[in-house]
Amino acid sequence: MEQQKNLEGYVGFANLPNQVYRKSVKRGFEFTLMVVGESGLGKSTLINSLFLTDLYSAEYPGPSHRIKKTVQVEQSKVLVKEGGVQLLLTIVDTPGFGDAVDNSNCWQPVIDHIDSKFEDYLNAESRVNRRQMPDNRVHCCLYFIAPSGHGLKPLDIEFMKRLHEKVNIIPLIAKADTMTPEECQQFKKQIMREIQEHKIKTYEFPETDDEEENKIVKKIKDRLPLAVVGSNTIIEVNGKRVRGRQYPWGVAEVENGEHCDFTILRNMLIRTHMQDLKDVTNNVHYENYRSRKLAAVTYNGADNNKNKGQLTKSPLAQMEEERRDHVAKMKKMEMEMEQVFEMKVKEKLQKLKDSEAELQRRHEQMKKNLEAQHKELEEKRRQFEEEKNNWEVQQRLVEQQKLDASRTLEKNKKKKIF
Amino acid sequence: MAATEIARQAGEGARAVPLSGHVGFDSMPDQLVNKSVNHGFCFNILCVGETGLGKSTLMDTLFNTKFEGDPTQHNQPGVQLKSNTYELQESNVRLKLTIVNSVGFGDQINKEDSYKPIVEFIDTQFEAYLQEELKIKRTLHSYHDTRVHACLYFISPTGHSLKSLDLVTMKKLDSKVNIIPIIAKSDAISKSELAKFKIKITSELVSNGVQIYQFPTDDETVAEINSTMNGHLPFAVVGSTEEVKIGNKMVKARQYPWGTVQVENENHCDFVKLREMLIRVNMEDLREQTHTRHYELYRRCKLEEMGFKDTDPDSKPFSLQETYEAKRNEFMGELQKKEEEMRQMFVQRVKEKEAELKEAEKELHEKFDRLKKLHQDEKKKLEDKKKSLDDELNIFKQKKTAAELLQSQAQQAGGSTTLKRDKERKNSGFL
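Okay, so let's go over this structure. Remember, predicted model here, so these are calculated numbers, not experimental data.

### Here's the deal with the interface of chain B and chain A
- Residue-level contacts link 125 residues of chain B with 127 residues of chain A.
- Between chain B and chain A lies a buried interface of about 13,000 Å² when both sides are counted; carbon and sulfur atoms form 61% of it.
- Linking chain B with chain A are 16 salt bridges.
- For the salt bridge of A:Glu125 with B:Arg138, the shortest nitrogen-to-oxygen distance reads 2.8 Å.
- Scanning the region where chain B abuts chain A turns up 44 residue pairs in polar contact (both at pLDDT 80 or more).
- Among the elements that take part in the side of chain B that touches chain A, helix H10 (residues 320–429) of chain B stands out by supplying 44 residues, more than any other.
- For the side of chain B that touches chain A, a count of residues per class yields 52 nonpolar, 25 polar and 48 charged.
- Alignment of strand E3 (residues 74–82) of chain A against strand E1 (residues 15–16) of chain B, held across two bridges, turns out to be parallel. Bridge pairing links A:Leu79 to B:Ala16 in E1(B).

### Describing the nonpolar core
Residue and element names in this part refer to chain B.
- Membership of the largest hydrophobic core comes to 92 residues, with the highest contact counts inside it found for Phe63, Leu274 and Leu278.
- For this core, the element with the most residues is helix H4 (residues 115–134), which contributes nine residues.
- With residues near it in sequence (within four places) discarded, leucine 278 still touches Phe43, Ile45, Leu62, Ala150, Leu152, Ile180, Met283 and Leu286.

### Remarks on helix H1 (residues 16–27) of chain A
- Taking 1.5 Å per residue as the helical rise, H1(A) with its twelve residues ought to reach 16 Å, and the 17 Å between its terminal C-alpha atoms agrees with that figure.
- Phi turns positive one or two residues past the end of H1(A), at A:Gly28, with a value near 90°.

### Focus: the pairing of strand E6 (residues 169–173) of chain A
Residues and elements named next belong to chain A.
- In terms of residue burial, E6 counts as a mostly covered element, since five of its five residues are buried.
- Because side chains alternate across E6, one face comprises the buried residues Ile169, Pro171 and Ile173, and the other comprises Ile170 and Leu172, equally buried.
- Sheet topology note: the strand E5 (residues 140–145)/E6 ladder contains five bridges and is parallel. Each bridged residue has a counterpart across the sheet, and for cysteine 141 the counterpart in E6 is isoleucine 169.
- The parallel pair E5 and E6, bridged by helix H4 (residues 154–163), forms a crossover whose chirality is right-handed.
- Summarising the sheet, E6 and strand E7 (residues 226–227) pair through two bridges and their orientation is parallel.

The rules behind each value
- Residues numbered from 1 in each chain as written.
- Chains lettered and ligands numbered in written order.
- Predicted model: local features only at pLDDT ≥ 70, side-chain atom pairs only at ≥ 80, totals over all residues.
- Heavy atoms only, no water.
- Contact = heavy atoms within 4.5 Å.
- Buried area = accessible area lost by both parts, 1.4 Å probe.
- Salt bridge = Lys/Arg side-chain N within 4 Å of Asp/Glu carboxyl O.
- Polar contact = N/O pair within 3.5 Å; in protein donor to acceptor, adjacent residues only side chain to side chain.
- Helix = DSSP H or I, 4+ residues; strand = E, 2+ residues; numbered from the N terminus.
- Nonpolar A, V, L, I, M, F, W, Y, C, P; charged D, E, K, R; others polar.
- Pairing = 2+ DSSP bridges.
- Core = buried A, V, L, I, M, F, W, Y, C linked by side-chain atoms within 4.5 Å.
- Buried < 20%, exposed > 50% of the residue type's maximum accessible area, 1.4 Å probe, protein only.
- Expected span 1.5 Å × (residues − 1).
- Right-handed = clockwise from strand over helix to strand, strands pointing away.

Interpretation in functional terms is not warranted from these geometric data alone.
Okay, here's the thing in structure tokens:
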């Protein structure tokens with residue numbers, strides 16, 4: 001179908017990337033980052049460090065400063081500009097997470113929030129009149145693990161298991177400056193083991209064709225989960241002003257690769273993989289949500305198992321097919337009913353015919369009977385008539401004889417007298 | 001810096017915060033670009049124009065390559081669309097180019113329906129995309145987009161005005177695709193005629209309300225060049241794949257006895273302008289317009305046709321679930337109604353037939369009742385006759401018996417008379 005053609009001269013579509021660049025800058029970018037973890041793990045500080053701004057300040061306090069009785073989900077939107085590029089950054093935080101004595105279901109508000117953003121997007125996408133759809137879906141979730149040094153807590157495992165198929169999870173070891181490099185190494189190994197054991201799918205860096213890039217990616221993979229340190233204060237170290245935490249024994253520098261993995265996190269999250277995080281959210285997590293939602297709507301109540309293979313249709317196409325099936329079913333039903341009807345009619349007609357024939361027969365019988373009787377009667381009458389005639393003739397004869405006899409007697413009598 | 005769309009959308013909800021250092025998200029456009037380059041680009045061009053206007057040659061010239069196809073004859077029975085897809089690469093950019101050619105356009109005697117296959121083709125591509133978009137399990141990001149991004153409409157170089165076929169066709173297409181009208185084989189028109197021709201064409205398009213594609217002027221980077229070019233529309237082009245030596249270079253040109261028309265000479269024709277605008281500057285915008293304007297319009301019409309609405313009668317917005325559920329309930333209701341109707345029809349038929357048969361049965365019984373009655377009458381008559389015969393018989397018997405009795409009496413009396421006579425003789429003898 002497609003053929004490879006070689007260009008024999010300048011065409012100009014090599015400029016397409018520039019066109020795309022231009023348009024994307026004009027449009028601006030948006031990104032939603034969620035931070036989850038118990039209070040006091042340095043989440044707000046890390047956000048401020050990542051984005052080099054006072055997102056959380058006295059005026060807009062971070063989650064830890066807002067003591068909540070139950071887990072809330074709160075959004076802050078900020079607009080930041082850099083190098084001609086504008087970014088609308090939404091930070092979603094979850095004050096109260098893991099802080100209660102009984103933390104069962106503390107992940108539910110988080111799940112609900114993510115789902116509601118998916119739902120908003122789905123509704124916007126499905127409208128008849130669609131306008132520009134703002135993308136408020138959660139693109140990345142930074143999960144803060146307390147630096148206990150031992151392993152994941154049950155809450156950590158539970159949370160990640162429930163959310164790994166809804167959002168890109170990047171687990172982080174918070175307050176990494178409380179562990180020595182060896183402890184950190186052990187801790188990381190332990191965590192990765194547990195993550196694999198529980199089949200938790202954290203965000204994976206995509207493979208590229210670029211060898212160089214792949215090498216970098218491999219290096220990062222070896223250092224997962226990233227152990228980070230954040231700071232709001234600038235300290236002078238060796239003549240340089242750096243973000244760091246001042247201890248009596250030295251300064252833990254945030255941006256020093258030997259002190260913690262902060263730089264790796266920032267590079268990965270912001271400078272190289274921000275777009276990929278958005279793409280994975282759109283192409284994988286959102287599509288999963290959507291197909292589950294639409295399947296539920298389409299097969300409302302119907303047996304889901306037998307319909308699993310038909311998910312390649314749209315709900316409307318599904319209805320079309322059901323309609324066709326129904327038409328076929330109705331045709332069959334109609335045919336059957338027609339057959340039954342015909343059969344019954346035939347039966348009845350036959351009965352009627354039989355009954356008619358029977359009545360006819362009886363009538364013929366009776367007629368014959370009657371005719372026979374008629375004949376009989378005729379015969380009898382004839383006989384009678386004949387007999388009667390004979391007898392009458394006889395009687396007349398006798399009468400005549402008598403008359404003759406009496407006349408003779410009379411004659412004789414007269415004769416005698418003389 | 002002008003407000004971005006995103007910033008506008010965010011509105012009051014977002015506060016601007018200053019950054020105290022280099023964060024690094026200014027690489028976002030690059031990240032996006034890298035992804036699209038890796039993914040590859042795709043572009044679909046539709047060429048509409050009468051046979052022989054040089055559509056294939058122009059495509060070859062524009063894309064500097066020899067595409068498929070032999071020149072078509074004029075004896076096509078109807079308008080057909082032939083499409084071919086090619087993989088091109090320029091530096092590190094891969095482009096999947098689809099060229100669709102209208103074959104036989106303008107060749108028929110009756111051209112009333114000529115535009116139809118073209119409109120159908122465009123709609124079919126929209127439909128395919130819509131179907132993919134509506135699927136439950138979909139793969140939009142790896143879907144090969146076949147929607148037509150640009151339609152080059154080739155105008156015959158008559159030098160006078162647009163043909164009515166052109167106006168009719170462009171009017172039918174302008175809400176479905178980005179139309180870029182070009183004057184084909186413009187080396188047949190002189191410079192002064194060309195200026196007049198362009199003005200005539202533009203005014204005819206305007207007076208007939210035909211919306212042609214305007215190069216966008218909202219982005220400062222390209223606003224100036226785009227607006228200048230908008231003034232040069234329609235582009236008068238010449239295509240050629242043959243090369244002629246001019247000076248010490250080989251250039252694409254057409255050689256005439258009176259001179260050589262150089263394709264890439266902007267004094268000779270607008271080919272370079274077309275290439276700039278179509279490919280180098282606005283290819284991405286053409287794709288965007290197709291997706292956000294033309295496709296959305298198609299989609300909106302299609303969904304409304306199917307009965308989807310965004311708000312219920314009280315103007316409250318529907319959620320997707322509600323919409324689908326409502327549709328589904330409606331659908332189920334319809335099916336049930338159909339079933340019920342069919343059943344009712346059968347019940348009716350059965351009733352009717354039963355009544356018919358009952359009627360027939362009744363008639364039959366009546367007939368036989370009548371016959372029976374006749375028979376009864378006959379029987380009675382017969383009985384009467386029998387009775388009268390019996391009566392006669394009886395009378396006769398009585399008569400006979402009486403007569404016989406008389407006779408026997410007479411005989412007896414006769415005997416006794418004879419006896420008497422004898423006795424009297426005897427007696428008289430004594431006398």
